[in-house]
Amino acid sequence: MQLIGSLTSPFVRKVRIVAAEKYIDYELVVDVPWSEDTQVPDFNPLGKVPVWVMEDGKTLFDSRVIVEYLDSISPAGHVMPKEPRPRILVKRWEALADGICDAAALIFMEKKRPAGQQSPDWIRRQLGKLHAGLRVMSEDLGQLNWCTGEVFTLADIAVGCTLGYLEFRFPELDWRRAHPNLSELFDRLMQRPTFKDTVPVG
Ligand code: GSF
């Protein structure tokens, strides 16, 4: 099995961490979807990473589909509960964390455009989502050890990838001071080898 992706994408990192937490073997094929010679559209018509290539060549995207699949194929270290309500609450955390990354990535791309073509309104709109998302994550985490309580799940992995992406792309945001509980959670996550081994580079 192969994982196609870049080393900066928080969505790819989420898949890498889930696979590593579950001891699933695969080959990492580094491909930056923005590069001229990218092969990603041959595997995902949407041209986005991550893409997971199964043994029979069938491809899976996006990251939420891939991690659900990975959790189902190996009994080791489940990252999603089986019961409907706890399971959907984990997926709610994931949707929120991924949504913050979507907003952050849109800001990053907009700021790469020539200064005269950038839309301050668009950037403000995305920043609003980013900050509102962080606020809700912080409120929902409260004083819990992990996002959904005492057990480490995909929710923590998704939140950790989002916080890592913000630290990587937007060091000026200072979310740690605004949300000390998210900062503590991130530090706790960064002690895990699976997080240490996947710090964004590029
Ligand atoms: C998002 C993937 C994505 O935006 C998922 O897999 O969870 N909902 C999807 N990937 C970006 C890279 S990044 O910002 O992490 C991507 O591949 N963009 C290329 C493009 O053409 O949009």
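The following paragraphs examine the structure supplied in this document. Because the structure is a prediction, the values reported are computed rather than measured.

## Quick word on the pattern of salt bridges
Next, step 1: Applying the stated criterion to the full structure yields 13 salt bridges.
Next, step 2: Here Arg192 and Glu21 are joined by a salt bridge, their closest N and O atoms 2.9 Å apart. With Arg192 in the loop between α8 (180-189) and α9 (193-196) and Glu21 in helix α1 (residues 10-21), this pair connects stretches of sequence that are 171 residues apart.
Next, step 3: With a closest N to O distance of 2.5 Å, Arg124 and Asp121 form a salt bridge. Within this pair, Arg124 and its partner Asp121 are both found in helix α5 (residues 120-141), separated by 3 residues, close to a single helical turn. One exposure class covers both Arg124 and Asp121, and it is exposed.

## Let's talk about the environment of Leu163
Next, step 1: Residue position: Leu163 is located in helix α6 (residues 154-169).
Next, step 2: In this structure, the C-alpha to C-alpha distance between Leu163 and Ala103, residues 60 residues apart in sequence, is 13 Å.
Next, step 3: Contact partners of Leu163, with chain neighbours within four places excluded, come to Leu134, Met137, Trp175, Leu182 and Phe186.

## Section: the pairing of strand β1 (residues 2-5)
Next, step 1: In this sheet, strand β2 (residues 27-30) lies alongside β1 in parallel orientation, the contact comprising 4 bridges. Within the sheet, the bridge partner assigned to Ile4 lies in β2 and is Val29.
Next, step 2: The parallel pair β1 and β2, bridged by α1, forms a crossover whose chirality is right-handed.
Next, step 3: Inspection of the sheet shows β1 paired to strand β3 (residues 51-53) by 3 bridges, in the antiparallel sense. Across the sheet, Leu3 pairs through a bridge with Trp52, a residue of β3.

Definitions and cut-offs
Residues numbered from 1 in each chain as written. Predicted model: local features only at pLDDT ≥ 70, side-chain atom pairs only at ≥ 80, totals over all residues. Heavy atoms only, no water. Salt bridge = Lys/Arg side-chain N within 4 Å of Asp/Glu carboxyl O. Helix = DSSP H or I, 4+ residues; strand = E, 2+ residues; numbered from the N terminus. Buried < 20%, exposed > 50% of the residue type's maximum accessible area, 1.4 Å probe, protein only. Contact = heavy atoms within 4.5 Å. Pairing = 2+ DSSP bridges. Right-handed = clockwise from strand over helix to strand, strands pointing away.

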